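# A closer look at the structure
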Amino acid sequence: MSAGGSTKAILAALVANAGIAAAKFAGFLVTGSSSMLAESVHSVADTSNQGLLLLGQKTSQRAATKDHPFGYGRDRYFYSFIVALMLFSLGSAFALYEGIHKATHPEKLTSPIVAVIILVVAIGLETYSFRTAIVESRKIKGDASWWGFIRQSRTPELPVVLLEDAGALFGLVLALMGVGMTVLTGDPVWDAIGTIAIGVLLGVIAIILIIEMKSLLIGEGATAPELATIEAELVGGKIDRVIHIRTQYVGPEELLVAAKVGLAPGLPLEEVAQAIDQAEARIRASIPSARLIYLEPDLYRTPVV
């Protein structure tokens, strides 16, 4: 579900951003608005980012090799991290540069009504993209808050698209406010202020994404509810305790589980193997993403105090 939902949200964002970018560039050429230029570059970056997310999904499906025995699932984390860097460099840094430049060298807008019309249409398209991301994210976020979903999700594309779309939507509102205030006051510095505000907004979003994607790229374990479920499913039958356990997502939908479990002493080898197989089956039934499970049977020894 998460892979299909991610792809749908990415495609919706890709189509919306490509159309918006073309319209914004046309608006900038007509009006000379720095807010429009900043938003144009932002939309071009977003369009490229959707392409990178789709590329990550494609390359992550490669079969495991001898050099990469756990497969290429982390490609999705890598490309999502690149997206965050591009959002910071092409989106935030450029907007800040352009805004500061126009604040120190203000230029009057020509045909500002064109910019207003384009921005209003862009807000409508971006709202559609944002709504699609929200609908697809709700299918997997459960009872978590939206901030909790962004922090805890092991599927990188949906949080990326959500924050990108949110940033794009608020950025359009800021651009509209900048152009609108320029028209009302006749002072082009408002357009520059709107551009700077867009740069700050994108910078905050990019930093959040960089932090989250870096964490996923390094390797995050099962969420607290997942870990509790795994530990509960391990205990049963001939297994009476979990001595220690380690988990890590080697891809958005592939969880590695390694644990040492305590068994009753004196069990025949056949019963030990059966107990391990049953524990693995219980885990996979409860946590389908737990595809790689390695269990080491042992005898529990009370720690010496």
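Structure shown above.
Residues numbered from 1 in each chain as written. Predicted model: local features only at pLDDT ≥ 70, side-chain atom pairs only at ≥ 80, totals over all residues. Heavy atoms only, no water.

What follows concerns the packing of helix α4 (residues 112–141) against helix α6 (residues 157–185). With their axes 9 Å apart at the nearest point, α4 and α6 run at an angle of 160 degrees to one another. It follows from the interaxial angle that α4 and α6 lie roughly antiparallel. Note on packing geometry: the crossing formed by α4 with α6 is left-handed. Residue classes in the contact of α4 with α6 are distributed as 23 nonpolar, three polar and three charged. (Axes fitted to C-alpha atoms, helices over the stretch in contact; angles between N-to-C directions. Helix = DSSP H or I, 4+ residues; strand = E, 2+ residues; numbered from the N terminus. Parallel < 35°, antiparallel > 145°, perpendicular 65-115°, else oblique. Left-handed = near helix turned anticlockwise from the far one by under 90°. Nonpolar A, V, L, I, M, F, W, Y, C, P; charged D, E, K, R; others polar.)

Spatially, β1-β2-β3 is the arrangement adopted by the three strands of the open sheet, whose pairing is mixed. Lying at the two open borders of the sheet, with one neighbouring strand each, are β1 (239–251) and β3 (292–298). Strand-to-strand, the axes of this sheet are offset by a mean angle of 15 degrees, without reference to chain direction. Sheet topology note: the strand β2 (residues 254–263)/β3 ladder contains seven bridges and is parallel. Considered in β3, the bridge of Gly262 is made with Asp298. Packing against the sheet, helix α8 (residues 224–234) makes contact with β1, β2 and β3, and its axis sits at approximately 140 degrees to β1. Contacts from helix α9 (residues 269–286) reach β1, β2 and β3 within the one sheet, and its direction differs from that of β3 by about 145 degrees. (Pairing = 2+ DSSP bridges. Contact = heavy atoms within 4.5 Å.)

Among the structural elements, Met181 can be located in helix α6. A relative accessible area of 32% means that Met181 is categorised as partly exposed. In sequence terms Met181 and Gly194 are 13 residues apart; their C-alpha atoms lie 9.3 Å from each other. When residues no more than four places from it in sequence are discounted, the contact partners of Met181 are Gly186 and Trp190. (Buried < 20%, exposed > 50% of the residue type's maximum accessible area, 1.4 Å probe, protein only.)

We now examine the pattern of salt bridges. This model, assessed by the stated rule, comprises 12 salt bridges. Two residues, Glu271 and Lys238, come together in a salt bridge whose shortest N-O distance is 3.6 Å. Of the two residues, Glu271 sits in helix α9 while Lys238 sits in the loop between α8 and β1, which places them 33 residues apart along the sequence. In this structure Glu271 comes out as partly exposed when scored by relative accessible area, which is 28%. A salt bridge links Lys260 to Asp298; its shortest N-O distance comes to 3.5 Å. Placement of the pair is Lys260 in strand β2 and Asp298 in strand β3, with a sequence separation of 38 residues. We note that Lys260, like Asp298, is buried. Among the charged side chains, a salt-bridge network with shared partners connects Lys8, Glu136 and Lys139. (Salt bridge = Lys/Arg side-chain N within 4 Å of Asp/Glu carboxyl O.)

Below, the discussion takes up helix α7 (residues 189–218). The terminal C-alpha atoms of α7 lie 43 Å apart, and with 30 residues this matches the ideal 44 Å at 1.5 Å per residue to within 8%. Among the residues trailing α7, Gly219 stands out with phi positive, at a value near 130 degrees. (Expected span 1.5 Å × (residues − 1).)

On inspection of all chains with the given rule, the structure shows two aromatic pairs. With a centroid separation of 5.2 Å and an interplanar angle of 80 degrees, the aromatic rings of Phe78 and Tyr79 are classed as edge-to-face. A relative accessible area of 37% places Phe78 in the partly exposed class. We classify Tyr79 as buried; its relative accessible area is 17%. The interplanar angle of 90 degrees and the centroid separation of 6.2 Å between the aromatic rings of Trp146 and Phe149 together place this pair among those described as edge-to-face. Taken together, the positions of Trp146 and Phe149, both in helix α5 (residues 146–152) and three residues apart, correspond to about one turn of that helix. Judged by relative accessible area, which is 31%, Trp146 ranks as partly exposed. (Phe/Tyr/Trp six-rings, centres within 6.5 Å; stacked < 30°, edge-to-face > 60°.)

Spanning 18 residues, α9 covers 26 Å between terminal C-alpha atoms, matching the ideal 26 Å at 1.5 Å per step. Of all the residues in α9, the buried ones are Val272, Ala275, Ile276, Ala279, Glu280 and Ile283. Down the axis of α9, the buried side of the element spans an arc of 130 degrees, and every buried residue falls inside it. Among the exposed residues of α9, those pointing more than 90 degrees away from its buried face are Glu270 and Ala285. Contacts from the buried residues of α9 go to α8, β1, β2 and β3. (Arc of directions from axis to C-beta.)

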